[in-house]
4 protein chains.
Amino acid sequence: MSRAPDTWILTADCPSLLGTVDVVTRYLYEQHCYVTEHHSFDDRLSGRFFIRVEFRQSDDFDEARFRAGLAERGEAFGMLFELTAPKHRPKVVIMVSKADHCLNDLLYRQRIGQLSMDVVAVISNHPDLEPLAQWHRIPYYHFALDPHDKPAQERKVLQVIEEAGAELVILARYMQVLSPELCRKLDGWAINIHHSLLPGFKGAKPYHQAYNKGVKLVGATAHYINNDLDEGPIIAQGVESVDHSHYPEDLIAKGRDIECLTLARAVGYHIERRVFLNANRTVVL
Amino acid sequence: MSRAPDTWILTADCPSLLGTVDVVTRYLYEQHCYVTEHHSFDDRLSGRFFIRVEFRQSDDFDEARFRAGLAERGEAFGMLFELTAPKHRPKVVIMVSKADHCLNDLLYRQRIGQLSMDVVAVISNHPDLEPLAQWHRIPYYHFALDPHDKPAQERKVLQVIEEAGAELVILARYMQVLSPELCRKLDGWAINIHHSLLPGFKGAKPYHQAYNKGVKLVGATAHYINNDLDEGPIIAQGVESVDHSHYPEDLIAKGRDIECLTLARAVGYHIERRVFLNANRTVVL
Amino acid sequence: MSRAPDTWILTADCPSLLGTVDVVTRYLYEQHCYVTEHHSFDDRLSGRFFIRVEFRQSDDFDEARFRAGLAERGEAFGMLFELTAPKHRPKVVIMVSKADHCLNDLLYRQRIGQLSMDVVAVISNHPDLEPLAQWHRIPYYHFALDPHDKPAQERKVLQVIEEAGAELVILARYMQVLSPELCRKLDGWAINIHHSLLPGFKGAKPYHQAYNKGVKLVGATAHYINNDLDEGPIIAQGVESVDHSHYPEDLIAKGRDIECLTLARAVGYHIERRVFLNANRTVVL
Amino acid sequence: MSRAPDTWILTADCPSLLGTVDVVTRYLYEQHCYVTEHHSFDDRLSGRFFIRVEFRQSDDFDEARFRAGLAERGEAFGMLFELTAPKHRPKVVIMVSKADHCLNDLLYRQRIGQLSMDVVAVISNHPDLEPLAQWHRIPYYHFALDPHDKPAQERKVLQVIEEAGAELVILARYMQVLSPELCRKLDGWAINIHHSLLPGFKGAKPYHQAYNKGVKLVGATAHYINNDLDEGPIIAQGVESVDHSHYPEDLIAKGRDIECLTLARAVGYHIERRVFLNANRTVVL
């Protein structure tokens, strides 16, 4: 689980074909790279192969040469790969509105090293959470929504994301519907937490919907953004028991814990390069 | 939890009003009935009061007199109550199709005394599960569906239920849509197990639906039948984690365990008189 | 679950006897107090009765008169009761060492109103967590341990607790063994979080112990302090799945979440007056 | 998860060394075997490598030749491997006493194909469960214990196991302590279910122990038998919440479900060749 400090992560996927495993493992062996964990999965319904390997580099490891060699080997398989350096900490932008439980939780996990990421900016359509960001010495951008010019606000958001060089955007209870344009730009590298067990209770006020249905379980869903709101590929889901004595505000309180845990889990998977897109589903290795 | 052998159950509900608790507890005290567990709940949104009491009878307890006295006291509150005798075992009819996991589980729990009920008949639209019922010495009724005369089959079903004097009907994976007439007749005293976390994935093949959505949790819902299919008040829900490697048939296998546990839990609650209807929700005390 | 703003909590316990419920409910009715939730439990093994009632006061409610009247009624039953006012927020002292996850979590829950308490002091044997307390504007007391005079440090600790008028002490990963004297003084009103599923893995380094045993579940236990270390009455326990790939440091990371959740749950139960001592066990209503 | 019908399982382990993955994957590729799932783990604390591969055989696959070739390749690594044929169903002997919930559950799962095994004998020190075995057409051996000659009974047990050619022995609530000799013979291929979360509550009456400690969670542990009672390597653990209202008999009832599920899970892992011994721990791939 916990990687040793000198451990690289190699992830790759390609269409199912004889030899997909071998092309990776043989190359690693020839390069004298020591494999510490290897997980691959060949999806017989979608006909796609996914592999994730953690390895220690050899003494004379050269990243550029390694990449070039692997690209050559994988070409015949249509293999796309990513290589993540041992101490790489992705740059992350977090978007919030007024609720701070997920932000508080993510920043705490960054602070103690449980999430190896650098939060480089917090963006909000409200000013409320600036003190929390400040205490963690993270720049806070308050871009109020102009109901007459929503695109203007999104342009500012996107500018911060781009200038910060963000590799991951986290929507930590950002309570605005993104435009299709922004969704498209964030497709596959932005994680949203939806406060219900999707696909149940899509849209607004899911805990009130859940109360009205008298459910005995409430949950949360962390998923990638794609162009269809609340429908992107699911990364993680969490759940908690409730009963008749939980009024809507109690469901909301219960939900906070499960939202924090589910979002943190999904972000951890993403950062550790465990998540692969497989059409509208994910493979988590 | 486990009732002593001489313990009665008293349940009642009525509109919220000052004195609802007192009317019950004072009466029990005056009748020298010893309260071993008492749980009441006053729902401030629906304005309704629910109470469940377990008590040991006094030496000179007389059921008829007790009922008459309580009815008199509760009248001003519009209180409806039910009284369940210490050793009462409700008569139960179980309806099945071909899948036998829930039936096997329910009969097992009856056999070892975990569910204090008498299964008096098993009804099916298929002959497959007769040996299982026979081994437990329970009459098995095979009523095949005539696509040209579905009401005829339902009339036979209802006749068995009525002649058996059933107090509870369990739809243990009975894969037929009941007619509105039959639903109406079973309203509030028939429990169905739906193999999804309702209201997600209503209707047929929920595990295939769940696979296509790439969910990371599957579940089951036990609910009372009412006139709206898959929409009756929820009694219990259960859930299990799944991942990308679970094909639809794996989800079905995973689901069996959670269906058994969830249905057995709901049936236990019902038999112990823990479940109250509160419009389209339940209160479980 | 969530109390309306004008709701009192009444808790009481006494030996099992006919009339224990009635004495409370009749009094509430006579005082025109409206019961919104009532839960009582009569433990047939220990022969003790426990009751918790939430009620709305009458228009002419007078606390002193209410208390006096109830004391009189309960006397014949040996009944001890506590009455908690609608907006009462208990004063709390939190003790920590270097790990800050539980402190961070508790202060967050106080901040958003999920735990209705006033943290009036943080005490530590290390200076590390002062900035966190400061940001929440809570006095921080750093009392280093003098190995040659441990009682001196405990005297300072106790002085802060007493001068702050604390009603609850939380040991939020305070990594020192308390002396029997201090334990005795805190008996029943100090909650400790132990990072294992007690009684397994008592004492130091429980996650390393758990790793060596190859367990597939790790957990945490929140319990009251009594004079026997790690043996006080359990309030809440939580658990998480682990596997072979979790090295001891991974178990520790996994454990943080479950420690936070379990401790917060126990503190919430205590503040809402749900927890009763029943010899070395607890009743949680 | 669910294997396609023509899928082999290859498992192997050896000391950690550069090339351990490659030696397996290259060989599979050279033999034109198509890998559908591959999981390997290199334990940096114990310095041991574990690998599990599912693969489809090539058109001209020859098992003997395949084995010989792999043995040759693996020799330099000290690699031990096992090969499991696509339709192989291991022969299993189940040992019971009087409690039948685990036996009922295991036989049910065999019947519906969820556990791909052939239960060839049920052995008991009591006659009670013979009807259940008979209904499944499985031979039942009742070997009463002679307190003056316990070894005599164990010799009969062992004879049945050996003559049946059992590959797995399941102690499904067999309430006798096995002798060190029998333990040694079953070391690593007999699974026991202990009705507690080991290492807590070892030995007899764990639910009564749990009640006395006032725990809020009860659980079960499935583990391999080794020479130290209740201390063999853990395969799976399960857990359920309980509260003060659960008397010891309620804990026992709650425990039955979790014992069934935990044991079935462990047996499934074993049959699918997912479990590796790693000193006194297991690796489950």
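For the structure, check the block above.
Cut-off values and rules
- Residues numbered from 1 in each chain as written.
- Chains lettered and ligands numbered in written order.
- Predicted model: local features only at pLDDT ≥ 70, side-chain atom pairs only at ≥ 80, totals over all residues.
- Heavy atoms only, no water.
- Helix = DSSP H or I, 4+ residues; strand = E, 2+ residues; numbered from the N terminus.
- Rg over C-alpha atoms; globule rule 2.2 N^0.38 Å.
- Buried < 20%, exposed > 50% of the residue type's maximum accessible area, 1.4 Å probe, protein only.
- Contact = heavy atoms within 4.5 Å.
- Areas by Shrake-Rupley, 256 points an atom, 1.4 Å probe, with all protein chains shown as cover.
- Lys, Arg positive; Asp, Glu negative; His and termini not counted.
- Charge placed at Lys NZ, Arg CZ, Asp CG, Glu CD.
- Pairing = 2+ DSSP bridges.
- Axes fitted to C-alpha atoms, helices over the stretch in contact; angles between N-to-C directions.
- Salt bridge = Lys/Arg side-chain N within 4 Å of Asp/Glu carboxyl O.
- Polar contact = N/O pair within 3.5 Å; in protein donor to acceptor, adjacent residues only side chain to side chain.
- Phe/Tyr/Trp six-rings, centres within 6.5 Å; stacked < 30°, edge-to-face > 60°.
- Lys NZ or Arg CZ within 6 Å of the ring centre and 35° of its normal.
- Least-squares fit on C-alpha atoms with pLDDT ≥ 70 in both.

K.L.:
Just checking my understanding: could you explain the overall build of chain A for this structure?
P.N.:
When helices and strands are counted, chain A shows 8 helices and 13 strands. A globule of 285 residues ought to have a C-alpha radius of gyration of about 19 Å, and chain A, at 21 Å, matches this closely. Principal-axis analysis of the C-alpha atoms places the extent of chain A at approximately 60 × 40 × 35 Å. Looking at chain A as a whole, 60% of its 285 residues qualify as buried. Taking the contacts inside chain A whose residues are at least 6 apart along the sequence as the reference set, 67% of them involve residues at least 24 apart. Accessible surface computed for chain A: about 11,100 Å², of which carbon and sulfur atoms make up 50%. Across chain A, the mean location of the 32 positive side-chain charges is 3 Å away from that of the 38 negative side-chain charges.

K.L.:
Is there a simple way to explain the sheet that holds strand 9 (residues 190-194) of chain B in this structure?
P.N.:
By way of backbone hydrogen bonds, the strands of a sheet pair with one another, either parallel or antiparallel. All names here are of chain B. Read from one edge of the open sheet, 7 strands run 7-6-5-8-9-10-11, paired in mixed fashion. The sheet is open, and its two edges are formed by strand 7 (140-142) and strand 11 (234-241), each paired on a single side. The sheet shows a mean angle of 15 degrees between the axes of neighbouring strands, taken without regard to direction. For strand 9 and strand 10 (residues 217-224), the ladder comprises 4 bridges, and the chain directions are antiparallel. Looking at the pairing, H194 lines up with T221 of strand 10. Running over the sheet, helix 8 (residues 248-271) touches strand 8 (168-171), strand 9, strand 10 and strand 11 and is turned about 150 degrees from strand 11.

K.L.:
Just checking my understanding: could you explain the interface of chain B and chain A for this structure?
P.N.:
Residue-level contacts link 35 residues of chain B with 35 residues of chain A. Our count for the contact surface shared by chain B and chain A stands at 4 salt bridges. At the junction of chain B and chain A, the tally comes to 20 residue pairs in polar contact (both at pLDDT 80 or more). Breaking the side of chain B that touches chain A down by element, the ones donating at least two residues are strand 2 (34-43), helix 7 (206-213), strand 11, helix 8 and strand 13 (281-284) of chain B.

K.L.:
Just checking my understanding: could you explain the packing of aromatic side chains for this structure?
P.N.:
Describing an aromatic ring pair means giving the distance of the ring centres and the angle of the ring planes. What the rule picks out here adds up to 42 aromatic pairs over all chains. Aromatic side chains W8(A) and F61(A) sit 4.9 Å apart centroid to centroid with 50 degrees between the ring planes, which places their arrangement in the tilted category. With W8(A) in strand 1 (residues 7-15) and F61(A) in the loop between strand 3 (48-56) and helix 2 (63-74), this residue pair connects regions lying 53 residues apart in the sequence. Its relative accessible area of 5% is what places W8(A) among the buried residues. Look at F61(A) and you get buried, because its relative accessible area is 15%. One aromatic cluster is present, formed by W8(A), Y27(A), F55(A), F61(A) and F66(A) through successive ring pairs. Across from the ring centre of Y247(A), 4.1 Å away, lies the NZ or CZ of R44(B), which sits over that ring. One Lys or Arg, R281(D), reaches over the ring of Y211(C) and ends 3.7 Å from the middle of that ring.

K.L.:
Even after reading the chapter, I still don't get the pairing of strand 3 (residues 48-56) of chain C, so can you show me in this structure?
P.N.:
Across a regular strand the side chains alternate sides, sitting on one face of the sheet and then on the other. Residue and element names in this part refer to chain C. Buried residues dominate strand 3, accounting for 7 of its 9 residues. Alignment of strand 1 (residues 7-15) against strand 3, held across 9 bridges, turns out to be antiparallel. Of the residues in strand 3, the one forming a bridge with I9 is E54.

K.L.:
Looking at this model, I keep getting lost on the relation of the copies chain A and chain C. Mind explaining?
P.N.:
The relation between the two copies of this chain is a rotation about an axis and a shift parallel to it. Each copy of the sequence occupies a distinct position, and chain A is placed on chain C by a rotation of 180 degrees and an axial shift of 0.0 Å, giving an RMSD of 0.0 Å. Both copies of the chain, as the preceding transformation shows, are related through a two-fold rotation axis. Residue W135(A), judged by its C-alpha, is the member of chain A lying nearest the rotation axis, at 4.0 Å. Interface overlap between copies is the fraction of interface residues in one copy that are interface residues in the other; for chain A against chain C it reaches 100%, indicating a shared surface.

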